[in-house]
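Structural features, examined
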Amino acid sequence: MSQVAPTNGEAAQQEDLSGPPAANRHRLPDERAGITHHFSIAGHEGYLTVGLYPNGQPGEIFIRMAKEGSTIAGLMECFGTVVSVSLQHGVPLRVLCGKLSHTRFEPSGWTGNQELGYAKSIMDYLFRWMELRFLSGKQLPLFVAKAADGESTRSESIQVPASLSPFPHESSEVGDAPLCSTCGSLMVPNGSCYRCGNCGGTSGCS
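None of these values were measured; they are calculated from a predicted model. (Residues numbered from 1 in each chain as written. Predicted model: local features only at pLDDT ≥ 70, side-chain atom pairs only at ≥ 80, totals over all residues. Heavy atoms only, no water.)

1. Description of the packing of helix α3 (residues 93-100) against helix α4 (residues 122-134)
It is at 9 Å that the axes of α3 and α4 come closest, and there the two elements cross at 145°. In this structure, the crossing between α3 and α4 has a hand that is left-handed. Together, Leu93, Leu96, Cys97 and Leu100 of α3 and Met123, Asp124, Phe127, Met130, Glu131 and Phe134 of α4 make up the contact between the two elements. Across the contact of α3 with α4, the residue classes break down as eight nonpolar, no polar and two charged. (Axes fitted to C-alpha atoms, helices over the stretch in contact; angles between N-to-C directions. Helix = DSSP H or I, 4+ residues; strand = E, 2+ residues; numbered from the N terminus. Left-handed = near helix turned anticlockwise from the far one by under 90°. Contact = heavy atoms within 4.5 Å. Nonpolar A, V, L, I, M, F, W, Y, C, P; charged D, E, K, R; others polar.)

What follows is the structure in structure tokens.
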């Protein structure tokens, strides 16, 4: 009795069962540039240090909480190792930010960061900050670009389009604008209702 050959879809499904292809790890050089950011969420202070590849892309992170030896400090240190290994194996930063931004658990609260406002969790704050810092086009002037001849260097600041304000709260008079129900940021007037400059949510209008 003859056997029916599997279709292309069935063959692809069988191949997927074997698992994803092996990924190569691209380690950072022994000497690398980095940026350290201090944060405070509802009284919980910490530091996020991001190690950078020569092209300015993040390749590792270290998260230090103020209370050394605490459970949350140990968890954040291990979590930073997992994220670092993921970045070095080619997981896009945008994917990590999409998965971990707006996750809600304690501690949560106001951050004192005018651009991020209310943080639903430490993960929410850290990955919204990284998205703002490395992905949104609002990066602060940090990196030094080498000249073509390799002899001189110059600082380059990334220009923010005129239509975008680095500080959404300053783009217009907020008055008694409400807080965004999605991310907790202060909303700005948008016609007859309000719009969130952080996540794009509205107070009910389209």
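2. Structural notes on the sheet that holds strand β1 (residues 34-41)
Adjacent strands of a sheet form backbone hydrogen bonds with each other and so pair up, either parallel or antiparallel. The three strands lie next to each other as β1-β2-β3, forming an open sheet whose pairing is antiparallel. Of all the strands in the sheet, the pair left with one neighbour each is β1 and β3 (58-65). Strand after strand, the sheet turns through a mean of 20° between neighbouring axes, direction not considered. Note: strand β2 (residues 44-52) against β3, seven bridges, orientation antiparallel. Paired with threonine 49 across the two strands is phenylalanine 62, which belongs to β3. Of the strands in this sheet, β1, β2 and β3 touch α4, which is tilted by about 140° from β1. (Pairing = 2+ DSSP bridges.)

3. Some details on helix α2 (residues 71-88)
Think of an α-helix as turning once every 3.6 residues; residues three or four places apart then point the same way. Look at α2: 26 Å from first C-alpha to last across 18 residues, which is about the 26 Å you get at 1.5 Å a residue. Here α2 has its buried residues at Ala73, Met76, Phe79, Gly80, Val83, Ser84, Leu87 and Gln88. Taken down its axis, α2 places every buried residue within 165° of arc, on the same side. For α2, the exposed residues lying more than 90 degrees away from the buried face are Thr71, Leu75, Cys78 and Val82. Tucked inside the fold, the buried residues of α2 contact β3, α3 and α4. Phi turns positive one or two residues past the end of α2, at glycine 90, with a value near 95°. (Expected span 1.5 Å × (residues − 1). Buried < 20%, exposed > 50% of the residue type's maximum accessible area, 1.4 Å probe, protein only. Arc of directions from axis to C-beta.)

4. Comments concerning the side chain of glutamate 60
Structurally, the position occupied by glutamate 60 is in strand β3. Owing to a relative accessible area of 11%, glutamate 60 belongs among the buried residues under this scheme. Among the polar contacts made by the side chain of glutamate 60, one reaches the side chain of arginine 32 at a distance of 2.6 Å. Those residues in contact with glutamate 60 that sit more than four places away from it in its chain are Leu28, Arg32, Thr49, Val50, Gly51, Ser84, Leu87 and Gln88. (Polar contact = N/O pair within 3.5 Å; in protein donor to acceptor, adjacent residues only side chain to side chain.)

5. Structural notes on the packing of α2 against α4
It is the contact of α2 with α4, at a shortest axis distance of 13 Å, that shows an interaxial angle of 35°. Pair α2 / α4 crosses with right-handed handedness. Contact with α2, carried on its side by Ile72, Met76, Phe79 and Val83, involves Ile122, Met123, Leu126 and Phe127 of α4 and no other residues of that element. Its residues placed into classes, the contact of α2 with α4 shows eight nonpolar, no polar and no charged.

6. Side note on the pattern of salt bridges
On inspection of all chains with the given rule, the structure shows three salt bridges. Between arginine 32 and glutamate 60 there is a salt bridge; the shortest N-O distance is 2.6 Å. Here the residue arginine 32 occupies a position in the loop between α1 (8-16) and β1, and glutamate 60 occupies one in strand β3, the gap between them amounting to 28 residues. When the shortest N-O distance is used, the salt bridge between arginine 128 and aspartate 124 registers 3.0 Å. Here the residue arginine 128 and the residue aspartate 124 both occupy positions in helix α4, the gap between them amounting to four residues, near one helical turn. The exposure class of aspartate 124 is buried, given its relative accessible area of 0%. (Salt bridge = Lys/Arg side-chain N within 4 Å of Asp/Glu carboxyl O.)

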